[in-house]
Amino acid sequence: MSICLVIDEMHPTLKALLKAEGVQIDYDPDLLPAEVPAALAEKPYEGLIVRSKVQVTAQLLRHGKHLRYVARAGAGIDNIDMAALDAAGVQLINAPEGNSQAVGEFTVGLLLALLRKVAAADAEVRNGQWRREANRGYELSARTVGIIGCGHMGQSFASCLRGFGCQVLGFDNDPAVQPTDYLPLVPLDELQQRADVLSIHIPYSTANHGFVNEGLLRGFRRPLWLLNTARGEVLDHAALAALLQQGHVRGAALDVLDNERIGALKPEQQARFGYLRTAPNVVLTPHVAGWTHESYQRINEVLARKIGELMRG
């Protein structure tokens with residue numbers, strides 16, 4: 001039976017799911033990052049399952065001489081050196097299908113919260129204020145929603161929007177991404193001309209660092225609402241803060257930040273965060289768009305199926 005090392009917390013169904021695929025797991029989520037290389041070298045592990053505890057680099061892979069695959073429990077692979085995997089002949093497996101529904105639903109929730117001023121109104125009522133006119137909002141059905149990044153997450157968000165009657169447009173620079181009846185693809189400049197809302201769903205990579213920058217945001221014809229449930233580093237937060245203050249961005253909902261270690265922000269990040277956390281037209285959540293009880297289990301199911309397919313050739 002093949003052996004796999006699991007170094008991060010996983011839903012308890014994983015052991016049984018992988019056993020059914022002929023894979024035994026050594027489950028050690030309490031391993032410290034510095035202990036992972038030695039643990040990987042202890043046995044002839046053919047698989048390594050991770051979340052975000054470690055950076056999977058060429059140096060780490062050298063300790064796993066029998067590795068056939070690295071499985072990322074989730075969608076993002078920004079902690080995995082793909083060139084190193086290719087050089088080592090190790091296959092990458094990830095599970096964007098596992099939490100795409102969760103991300104789609106959550107992004108709709110963020111958008112409704114922005115358009116209807118839910119967070120600000122809630123705070124006011126809790127403070128004894130009852131201001132109806134100041135909290136008059138906008139209907140989603142009258143908006144055009146632009147989606148940048150039309151893979152699993154962008155498609156899920158678009159699918160969840162179908163019942164609202166709004167227009168949805170997508171842009172993706174990956175030629176493998178195909179349009180659907182609920183997510184037509186348009187050039188970026190057309191999306192900028194037509195959209196009232198921008199939702200970011202691109203993965204992080206060096207090429208995508210700061211992809212949504214001041215120039216891109218200023219290219220939108222109308223002031224827009226902005227949503228980011230992808231990765232904080234794909235958005236220029238300095239540009240966002242400036243454009244919020246200027247009114248070019250009407251509001252923002254951020255599930256991710258460029259630095260999510262809130263207690264260890266750099267001075268310029270601390271200044272931006274100080275503004276964002278007090279702005280009434282900004283909604284902040286702690287990277288939980290894909291973090292549901294259902295997705296926690298579904299990720300296991302996707303990984304087990306893909307690992308089984310790989311092991312069967």
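Given the structure is predicted, the values throughout are model-derived calculations rather than measurements.

Peer 1: Describe the packing of aromatic side chains, and please don't skip the residues or the numbers.
Peer 2: All chains considered together, the criterion is met by two aromatic pairs. With centroids separated by 6.2 Å and ring planes inclined at 35°, the aromatic side chains of Trp 291 and Tyr 296 adopt a geometry described as tilted. Here Tyr 296 falls in the partly exposed class, since its relative accessible area comes to 25%. The ring of Tyr 182 has Arg 162 lying over it, and the distance from NZ or CZ to the ring centre is 4.3 Å. The side chain of Arg 250 reaches across the aromatic face of Tyr 138, ending 4.7 Å from its centre.

Peer 1: Can you break down empty space enclosed by the protein residue by residue, with the values?
Peer 2: Throughout the structure, instances matching the rule amount to one cavity of 30 Å³ or more. Lining the largest cavity are His 237, Leu 257, Asp 258, Asn 259, Leu 265, Gln 269, Arg 272, Phe 273 and Leu 276. Considering each element in turn, the lining of the largest cavity owes the most residues, four residues, to helix α11 (residues 267-278). Of the residues that constitute the lining of the largest cavity, the class distribution is four nonpolar, three polar and two charged.

Peer 1: Give a description of the side chain of His 248 that names residues and reports values.
Peer 2: Here His 248 shows up in the loop between α10 (237-246) and β10 (249-254). Using a relative accessible area of 17% as the deciding quantity, one classes His 248 as buried. Filtering out sequence-adjacent residues up to four positions away, His 248 remains in contact with Leu 217, Arg 218, Phe 220, Pro 223, Leu 224 and Leu 243.

Calculation criteria
Residues numbered from 1 in each chain as written. Predicted model: local features only at pLDDT ≥ 70, side-chain atom pairs only at ≥ 80, totals over all residues. Heavy atoms only, no water. Phe/Tyr/Trp six-rings, centres within 6.5 Å; stacked < 30°, edge-to-face > 60°. Buried < 20%, exposed > 50% of the residue type's maximum accessible area, 1.4 Å probe, protein only. Lys NZ or Arg CZ within 6 Å of the ring centre and 35° of its normal. 1 Å grid on protein atoms, 1.4 Å probe; cavity = no way out; pocket = protein on both sides within 12 Å on 5 of 7 lines; lining within 4 Å. Points joined across faces, edges and corners; volume = space filled by probe spheres on them. Helix = DSSP H or I, 4+ residues; strand = E, 2+ residues; numbered from the N terminus. Nonpolar A, V, L, I, M, F, W, Y, C, P; charged D, E, K, R; others polar. Contact = heavy atoms within 4.5 Å.

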